[in-house]
Amino acid sequence: MTQINHDACFVMVLGSGHRDNNAISAVQQLSATALSRLSEGIRQLSLSDKQCTLVVSGWSGGLTPTPHAIIMKQAAIELGVNEDSIVTFPDALDTIEEARSMKSIVGKKPFILVTSATHMPRSMMIFTANELSPVAAPTNFLSSPGYWWRFSAGNLLTSQRSIHEYIGILWIKVKGLVANV
């Protein structure tokens with residue numbers, strides 16, 4: 001279990017995905033990954049004895065009219081977070097832009113960073129390369145003990161996500177965004 005750093009007053013939840021559908025609640029519009037991340041972010045807020053700010057991010061991807069950060073904010077409000085304690089980064093296209101946006105409000109001050117466990121290593125590389133001080137709070141764990149070697153749709157999904165992250169790490173090395181990775 002991740003312990004909150006009590007010096008941190010910000011909990012940042014990285015964007016994921018949603019589908020725009022005004023007929024259902026914002027919580028129901030979130031992808032399973034986004035809901036997992038947001039739930040952990042709200043849990044981290046509840047662990048602090050301070051009044052912390054929830055930071056949510058994500059653009060529309062060019063596929064939906066509503067930026068992901070706005071749907072995440074609406075979902076957080078539906079789940080009981082005070083609207084005044086939520087900051088959105090609706091224009092952040094990727095983790096690099098999310099880090100740069102976060103730096104503008106926290107500087108070098110520690111904060112809780114929530115993302116999927118598979119995405120956390122690359123996220124930590126990007127945030128620390130941008131001279132930020134994230135405290136990892138991973139969620140949405142995919143691995144489990146057992147028959148990981150068996151051919152199944154679940155294992156293929158886990159492999160796909162792992163490959164995506166390895167390619168992402170390679171890409172940030174190629175772009176020169178992170179040294180010594």
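Residues numbered from 1 in each chain as written. Predicted model: local features only at pLDDT ≥ 70, side-chain atom pairs only at ≥ 80, totals over all residues. Heavy atoms only, no water.

### So, the overall build of the protein chain
Rules: For helices the rule is a DSSP run of H or I covering at least 4 residues; for strands it is a run of E covering at least 2, with both sets numbered from the N terminus onward. Residue burial is assigned from relative accessible area. The probe radius is 1.4 Å, only protein chains are included, and a residue is buried under 20% of its type maximum, exposed over 50%, and partly exposed in between. The contact criterion used throughout is that any non-hydrogen atoms of two residues lie within 4.5 Å.
The number of helices and strands found in the protein chain is 6 helices and 5 strands. Ordered by position from N to C terminus, the α and β elements of the protein chain give β-α-α-β-α-β-α-β-α-β-α. The proportion of buried residues among the 181 residues of the protein chain is 43%. Residue pairs in contact within the protein chain that sit at least 24 positions apart in sequence constitute 68% of those at least 6 positions apart.

### Let's talk about a nonpolar patch on the surface
Let me state the cut-off plainly: Like-charged residues within 9 Å of one another, or nonpolar side chains (Val, Leu, Ile, Met, Phe, Trp, Tyr) within 5 Å, are grouped into patches, provided each residue has over 30% relative accessible area and no salt bridge. Areas reported here follow the Shrake-Rupley algorithm with a probe of radius 1.4 Å; residue values treat only the protein chains shown as occluding. Salt bridges are defined as contacts in which a side-chain nitrogen from Lys or Arg sits within 4 Å of a carboxyl oxygen from Asp or Glu.
Among the surface-exposed residues, Leu170, Trp171 and Val174 lie close enough to one another that they form a single nonpolar patch of about 350 Å² accessible area. Of the residues examined, Val174 reaches a relative accessible area of 60% and is grouped as exposed.

### A few points about the nonpolar core
Where a protein is soluble and globular, its nonpolar side chains tend to be buried together. Test applied: We define a nonpolar core as any set of buried Ala, Val, Leu, Ile, Met, Phe, Trp, Tyr and Cys residues linked to one another through side-chain atoms lying within 4.5 Å.
Counting residues in hydrophobic clusters, the biggest one holds 42 residues, and the most contacted among them are Met12, Leu38, Leu54, Val56, Met102, Phe111 and Phe127. Ranked by the residues each element gives to this core, the list is headed by helix H3 (residues 68-78), at 5 residues. For Leu54, the contacting residues outside a window of four places in its chain are Val11, Val13, Leu38, Gly41, Leu45, Ala76, Val81, Ser85, Ile86 and Val87.

### Re the packing of aromatic side chains
Inclusion rule: For Phe, Tyr and Trp, where Trp contributes only its six-membered ring, two rings pair if their centres lie within 6.5 Å, and the inter-plane angle classes them as stacked under 30 degrees, edge-to-face over 60, or tilted in between.
Scanning all chains against the criterion turns up 1 aromatic pair. Judged by centre distance (5.9 Å) and plane angle (55°), the rings of Phe111 and Phe127 are tilted. Here Phe111, found in strand S4 (residues 110-116), pairs with Phe127, found in helix H5 (residues 120-129); they are 16 residues apart in sequence, far enough to count as distant. Accessibility classification places Phe111 together with Phe127 in one group, the buried group.

### Describing the pattern of salt bridges
For the structure shown, the criterion picks out 3 salt bridges. For the salt bridge of Glu131 with Lys103, the shortest nitrogen-to-oxygen distance reads 3.5 Å. Taken together, the residues span a long stretch of sequence, with Glu131 in the loop between H5 and strand S5 (133-139) and Lys103 in helix H4 (residues 95-106) at a distance of 28 residues. Residue classification places Lys103 among the partly exposed positions, given a relative accessible area of 32%.

### Focus: the environment of Thr33
Within the secondary structure, Thr33 is located in helix H2 (residues 32-47). Exposure remark for Thr33: the relative accessible area of 13% places this residue in the buried category.

### Topic: the sheet that holds strand S2 (residues 53-57)
In any sheet, the strands associate via hydrogen bonds between backbone groups, in a parallel or an antiparallel arrangement. Worth spelling out the cut-off: Any two strands are treated as partners once DSSP identifies two or more bridges connecting them. Axis lines are fitted to C-alpha atoms, over the contacting stretch for helices. Their N-to-C directions set the angle, which ranges from 0 to 180 degrees.
One open sheet holds the 5 strands; their spatial order is S3-S2-S1-S4-S5, and the pairing between them is parallel. The outermost strands of the open sheet, each flanked by one partner alone, are strand S3 (86-89) and S5. This sheet shows a mean twist of 25° between the axes of neighbouring strands, independent of strand direction. Where S4 and S5 come together, 7 bridges link them in parallel fashion. Bridging across to S5, Pro110 finds its partner in Ser133. Contacts from H2 reach strand S1 (10-13), S2, S4 and S5, with the element oriented near 150° to S4. Across the sheet, H4 touches S1, S2, S3 and S4, and the angle it forms with S1 is around 165°.

### Quick word on H5
Because the α-helix completes a turn every 3.6 residues, residues three or four places apart line up on one side. Listing the buried residues of H5 in full gives Met120, Arg122, Ser123, Met125, Ile126 and Phe127. A positive phi of about 60° marks Glu131, the residue just after H5.

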